[in-house]
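The residues making up each chain are set out below.
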Amino acid sequence: MVAVRYQTAFRLYPYEKSADQEAAQPVRHPVVIVGGGPVGMAMALDLGKRGIACLVLDDHDGVGMGSRAICFAKRTLEICDRLGCGDPMVDKGVVWNTGRVYRDEREVYSFDLLPEGGHRRPAFINLQQPYFEQFLVAEIRRLQAAGAPIEIRGQNPVTGVRQQADHVVLDVDTPDGPYRVEADYLVACDGANSPIRTMMGLDFEGRVFEDNFLIADIRMMADFPVERRFWFDPPFNRGETALLHKQPDDVWRLDFQLGWNIDRKAELAPERIRDRVSAMIGAGVDFELVWTSIYTFRCCTMETYRHGQVLFAGDSAHQVSPFGARGANGGIQDADNLGWKLAAALNGEAPDALLDSYHTERKQAALENIKNSSRSADFLTPRNPAHALFRDAVLDLVEHFDFARPMVNSGRLSVPCIYDGSPLNGPDALGGGPARSRPGAPCSDAPVRDGFLLDRLTGRFAVLAINAAVPESLSIEGQPLDVIPLSAEDDATGALAHRYLGEAPCAVYLIRPDQHVVGRWPAFDPARIEAAFSQATGKV
Amino acid sequence: MTDLILAPNLNNTDDFYAALLAAYDGLDEGESHALNARLVLILANHIGDEGVLTQALDAAVMARSSPGQVAK
Ligand SMILES: Cc1cc2nc3c(=O)[nH]c(=O)nc-3n(C[C@H](O)[C@H](O)[C@H](O)COP(=O)(O)OP(=O)(O)OC[C@H]3O[C@@H](n4cnc5c(N)ncnc54)[C@H](O)[C@@H]3O)c2cc1C
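Quick notes on the rules
Residues numbered from 1 in each chain as written. Chains lettered and ligands numbered in written order. Predicted model: local features only at pLDDT ≥ 70, side-chain atom pairs only at ≥ 80, totals over all residues. Heavy atoms only, no water. Patch = residues over 30% accessible without salt bridge, like charges linked within 9 Å, V, L, I, M, F, W, Y side chains within 5 Å. Areas by Shrake-Rupley, 256 points an atom, 1.4 Å probe, with all protein chains shown as cover. Salt bridge = Lys/Arg side-chain N within 4 Å of Asp/Glu carboxyl O. Helix = DSSP H or I, 4+ residues; strand = E, 2+ residues; numbered from the N terminus. Buried < 20%, exposed > 50% of the residue type's maximum accessible area, 1.4 Å probe, protein only. Pairing = 2+ DSSP bridges. Axes fitted to C-alpha atoms, helices over the stretch in contact; angles between N-to-C directions. Contact = heavy atoms within 4.5 Å. 1 Å grid on protein atoms, 1.4 Å probe; cavity = no way out; pocket = protein on both sides within 12 Å on 5 of 7 lines; lining within 4 Å. Points joined across faces, edges and corners; volume = space filled by probe spheres on them. Nonpolar A, V, L, I, M, F, W, Y, C, P; charged D, E, K, R; others polar.

Residue and element names in this part refer to chain B. On the surface, a nonpolar cluster with roughly 420 Å² of combined accessible area is contributed by L10, F16, Y17 and L21. By secondary structure assignment, the location of L10 is in the segment before α1 (13-24). The class for L10 is partly exposed, based on a relative accessible area of 47%.

All names here are of chain A. The five strands are arranged β24-β25-β23-β26-β27 in an open sheet whose pairing can be described as mixed. With one partner strand each, in any of the chains shown, β24 (474-476) and β27 (517-521) form the two edges of the open sheet. Taking the axes of each pair of neighbouring strands and ignoring which way they run, one obtains an average angle of 25 degrees across the sheet. Bridge count between strand β26 (residues 507-511) and β27: four bridges; the pairing is antiparallel. Counted as the bridge partner of Y509 is R520 from β27. Where helix α12 (residues 526-536) meets the sheet, its contacts fall on β23 (462-466), β24, β25 (479-486), β26 and β27, and the angle it forms with β27 comes to roughly 160 degrees.

A few words on the layout of surface pockets. All names here are of chain B. For the second largest pocket, the calculated volume is near 1000 Å³. What lines the second largest pocket is a set of 26 residues, among which L4, I5, L43, I47 and A56 lie closest to the centre. Going through the elements one at a time, α1, α2 (29-47) and α3 (50-65) are the ones with two or more residues in the lining of the second largest pocket.

This paragraph deals with empty space enclosed by the protein. All names here are of chain A. Tallying each qualifying case throughout the model produces one cavity of 30 Å³ or more. In this model, the largest cavity occupies a volume close to 50 Å³. Taken together, F213, F230, T241, A242, L243, D255, F256, Q257 and F323 make up the full set of residues lining the largest cavity. Looking at the lining of the largest cavity, the elements with two or more residues in it are β15 (241-247) and β16 (251-259). By residue class, the composition of the lining of the largest cavity is six nonpolar, two polar and one charged.

Dropping the structure here:
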């Protein structure tokens, strides 16, 4: 029997019997991914594009109902562009720029995100998580049709895991009974309650926040503007906060803070929710409840994300509060970080030790995400009277003085981590180079002629040269690199020069397959590039 | 790094102190706490320098826990 834990929105990978189930000996796969959520599917797509055979085992047969994540940040969209599915996401998603903050019945301020120009993608889009996952799976289907070695098996829950010296053995259940598979590497993308983590007896520690939030996704035709609205202490939710956010398909996300001691069942009664919604959007407005749920949250992380041949990615490794949208966004960056490293290790292009840097870099990112999302949660859910005192003081001041605006924290924009101090970083030898493009940083996008810079970074190591001479083609240790020779004139807006030259007249960058900077120099020097390449592939 | 000034720095200490007390006249405990908090945030923003603010936080915490100074 395969248990159903949630309703599916889209049935994308119905159960089919696989030959592995009949095999006399467990079949060995280079990579098995447990969990077909956003992180598992992004992982499969990345590996499949690199020609690495991977098998996704999910305990359901499609994408879960209910929207959960709605804000997908620019970095996520850039990664999805590289994976081939950024366009449908951005076409479907809602872009917003205006936010309004209310207290009681008054608007205390409004802001325009004013995203920096010269990027292909917006600061973020609002899109229901099921759509996001559906677009990833659609791209996997497209690649499969073209021969990419990706396989997805629905209704295949993993029920046991045993680690051997150089592989992992998995027990898998199916509607036709159990079977076994083996994996050179296992990527556990099985969510915040990760059964793999539990079966391996591994820790998951952090902080529980004593608060409940009610989500009501509603469909309404009302002519509300496309804005993010956030309330402190509104008349319709006294003493608590509330949020209104637009999603595609005339769906709106309403989020009500409820406090700690609540009667969960009573709060989830549809009539009770309908009353809350009407009090918020106005009694005469027609709407339909699409999805409702009550969530509590915690900020937790595993001690280590790599355990031998098992790597943890996404919510299984770390969990954050939803404020600041760093859950799915952070998880997609895990996959982005791990994909090229796993491929290099499996292809024998890098030592297995390169995978240790996955833990180092992504733990650093997770701690940054936890820090940011905990700070937002602390503002919304003050832990003691003094914290509440300062929060209220900020809200008193912000009605009169602009200086207090940056102190209001209802969720900060999700931005990617700069891997400062990573063992993979090479030298920063570009005098006057801009800090935002230092070794460890993800490359900023910039306009280049009639396109954008990031579209030129195809998922291999790359050498980017601006106003500097480079060879037409380049390979190191038999691996071809992308060579991108540009001149500052290729971007009339000056963004390229501002983001990559700074004070320097010319620059050469070595860039990783995940678009993070390895090192930078004022001129091309093959010996230096090769040394940095070795460093970035874990050989030194 | 700029050092936090811990030597006397007000031109007319008595005038400032009187003005401070006057601002709290007639306030109950909750209102006084709220005024403290607003004042701290306004002054912190004016100072701006994170290093100075950290030193100020440390100094304030330290003075509270000095032996013999802890209120019963
Ligand atoms: C209310 C709410 C709002 C949020 N808003 C945002 C937001 O705006 N932006 C954002 O970035 N993040 C947001 N998040 C977080 C985001 O939803 C998660 O971070 C994200 O879903 C994590 O993806 P994942 O793939 O790691 O795990 P999951 O999405 O949990 O997927 C895990 C998968 O593993 C499968 N699985 C579990 N056990 C097994 C097993 N034994 N065998 C096989 N398969 C198994 C599950 O069925 C599931 O398909 C929000 C979360 C909540 C609750």
